[in-house]
Amino acid sequence: MQHNYSYQSALAASERIAWKVDDIIGGDKRLDFSKPFMPESLAQVKQLSFLTSEEQLTLNQIRGHEYLSMFGLVEEFILPYVVNHARAQLSGDDYRVRALLQFAGEEAKHIHLFKRFRQEFEDGFGSKCDFIGPAEDIKRFVLSHSPLGVSIAVLHIEWITLRHYIEGVRDNQNLDPQFKSLLKNHWLEESQHTKLDTLIVESVASTASEDEIDQAFQEYGAIGEFLDQGIQQQTQFDVESFVRANGRQLSKSQRDEMTAAVLKGMRWTYLGTGMTHPNFLETVQGIKPEARQQIEQMAPMFC
Ligand SMILES: [Fe+2]
Ligand SMILES: [Fe+2]
């Protein structure tokens, strides 16, 4: 892949940005439940014309809760993945050591940030929203794969956070400013993670055999399939959370329609935005061009 990413420049950018959790949430920095949390491109609730605009807002916020929980969850396995990778190379290039440790520190901070937002959501939303888990089991499953397989899945996740912000949030004036600030600050640091993880993927792939590369792409597929099973379960939870929050019974056809819309929105949010991301695909192509073709063939199912 043609790029000019380096550990030194990623570290410099990261040190310039370096926000604190308390800068983003707490005190008078509260969620405003009269506003949507998620951009419509990801939430995809407006097509449900049998809902009032207030009900669409409720479903949008439930998708916001799911987003907080999902990123809290995936960062639980990204953190040990980065630490394990860094531990193996704690000498040599000083910029690399510091950039990787900074990457890990930022993911630990993001886990904390998403938890704080989730607590704030739960205090203000008024009814319970369920989320898949337990996180430990999901982390164990993902980390049971080879470092290259995991690094490709993580690269997918890093790129989607950038896309969510740039395409749906940055120029969106309707969203709750507090939720928007979360997505902006996450994006600011994830911008370095995409570069660092590209460097990690390329470095691990450069010493891998053809078989190991084939295995890594199979593992990327298996991790994606596993996440999709979680997405299908979470779709049911989101619909249940809506019924609980509104006290409204849905007819069978309304429930089916809502389930289909939430499933499509979630698949696009967490899978499609990565499987069609040009930079992700370019890195894949650099390792194995046929893998890119396979991902591109699968992608429409999740778009
Ligand atoms: Fe993060
Ligand atoms: Fe990240």
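Residues numbered from 1 in each chain as written. Chains lettered and ligands numbered in written order. Predicted model: local features only at pLDDT ≥ 70, side-chain atom pairs only at ≥ 80, totals over all residues. Heavy atoms only, no water.

1. Concerning the overall build of the protein chain
The cut-off we apply is this: Only runs of H or I of at least four residues qualify as helices and only runs of E of at least two qualify as strands under DSSP, and these elements are numbered from the N terminus. Between two residues, a contact is recorded if the distance between any of their heavy atoms is within 4.5 Å. Here the accessible surface of atoms and residues is derived via Shrake-Rupley with a 1.4 Å probe, and residues count as covered only by protein chains that are part of the display. The charge count includes Lys and Arg as positive and Asp and Glu as negative, but it does not include His or the ends of the chains. One atom stands in for each charge, and that atom is NZ of Lys, CZ of Arg, CG of Asp or CD of Glu.
Scanning the protein chain for helices and strands turns up 12 helices and zero strands. Principal axes of the C-alpha set define a box for the protein chain whose edges measure 60 × 45 × 35 Å. Of the contacts formed within the protein chain by residues at least 6 apart in sequence, a portion of 83% connects residues at least 24 apart. Only carbon and sulfur atoms are counted for the fraction: they give 49% of the accessible area of the protein chain, which is about 13400 Å². Treating the 30 positive side-chain charges of the protein chain as one cloud and the 43 negative ones as another, the clouds have centres 5 Å apart.

2. Things to note about the coordination of the iron ion (ligand 2)
The following threshold applies: Metal sites are built from N, O and S donor atoms within 2.8 Å, or 3.2 Å for Na, K and Ca, and they leave out water, so they may look incomplete. Three exposure classes are used, based on accessible area relative to the maximum for each residue type with a 1.4 Å probe and protein chains only: buried under 20%, partly exposed in between, and exposed over 50%.
Within the first shell, the iron ion (ligand 2) binds the protein through E107 (OE), E158 (OE), E190 (OE), E190 (OE) and H193 (ND1), at distances of 2.0 to 2.4 Å. Spacing between the donor residues of the iron ion (ligand 2) along the chain follows E-x50-E-x31-E-x2-H. Separation of the iron ion (ligand 2) from the iron ion (ligand 1) amounts to 3.4 Å, with E107 serving as a shared donor to the pair. Of this pair, E158 sits in helix 7 (residues 147-169) while H193 sits in helix 8 (residues 177-206), and the two are 35 residues apart along the sequence. Since its relative accessible area comes to 0%, H193 is described here as buried.

3. Side note on helix 8
For clarity, the threshold we go by: One fewer than the residue count of a helix, multiplied by 1.5 Å, yields its expected span. We define the bend at each residue as the angle formed by axes fitted to the 7 residues ending at it and the 7 residues starting at it.
Counted at 1.5 Å a residue, the expected span for helix 8 with its 30 residues is 44 Å, and the 43 Å between its end C-alpha atoms agrees. The axis of helix 8 is deflected most strongly, by about 30 degrees, at E189. Taking burial as the measure, the 30 residues of helix 8 include 22 buried ones, the bulk of the element.

4. Brief notes about the coordination of the iron ion (ligand 1)
Taken together, E75 (OE), E107 (OE), H110 (ND1), H186 (NE2) and E190 (OE) make up the full set of protein donors to the iron ion (ligand 1), lying 2.0 to 2.4 Å away. Site description for the iron ion (ligand 1): donor spacing in sequence, E-x31-E-x2-H-x75-H-x3-E. Take E75: its relative accessible area is 1%, and that puts it in the buried class.

5. Structural notes on the pattern of salt bridges
Let me state the cut-off plainly: Only one rule defines a salt bridge in this text: a Lys or Arg side-chain nitrogen within 4 Å of an Asp or Glu carboxyl oxygen.
Per the stated rule, a full pass over the model turns up 18 salt bridges. Two residues, E55 and R248, come together in a salt bridge whose shortest N-O distance is 2.7 Å. One end of the pair, E55, is in helix 4 (residues 53-87); the other, R248, is in the loop between helix 9 (210-246) and helix 10 (252-275), with 193 residues separating them in the sequence. For E55, a relative accessible area of 10% corresponds to the buried category. Here R255 ties to E240 by a salt bridge, and the two come within 2.5 Å at their closest N and O atoms. You can see R255 sitting in helix 10 and its partner E240 sitting in helix 9, a full 15 residues away along the chain. Using a relative accessible area of 26% as the deciding quantity, one classes R255 as partly exposed. Given the relative accessible area of 33%, E240 is considered partly exposed. One continuous salt-bridge network, built from bridges that share partners, spans K128, D130 and R244.

6. Observations concerning helix 11 (residues 278-287)
Convention followed: An arc is given here, and it is the one of the directions from the helix axis to the C-beta atoms.
Among the residues of helix 11, those classed as buried are F280, L281, T283, V284 and I287. Each buried residue of helix 11 lies within a common arc of 160 degrees when the element is viewed along its axis, so the set occupies one face. The inward-facing, buried residues of helix 11 abut helix 7, helix 8, helix 9, helix 10 and helix 12 (289-298).

7. Some remarks on the packing of helix 7 against helix 11
This is how the line gets drawn: Here, axes are lines fitted to C-alpha atoms. For helices the fit covers the stretch in contact, and angles between N-to-C directions go from 0 to 180 degrees. Each angle gets one of four labels, with under 35 degrees taken as roughly parallel, over 145 as roughly antiparallel, 65 to 115 as roughly perpendicular, and the rest as oblique. Should the near helix be turned counterclockwise from the far one by less than a right angle, the crossing is left-handed, whereas a clockwise turn marks it as right-handed.
Between helix 7 and helix 11, the shortest axis-to-axis distance is 9 Å and the interhelical angle comes to 160 degrees. The angle between helix 7 and helix 11 places the two elements in the roughly antiparallel class. As helix 7 packs across helix 11, the resulting crossing turns out to be right-handed. On helix 11, the residues touching I152, L155, H156 and W159 of helix 7 are N279, F280 and T283.

Function cannot be inferred from these measures alone, as they are strictly geometric.
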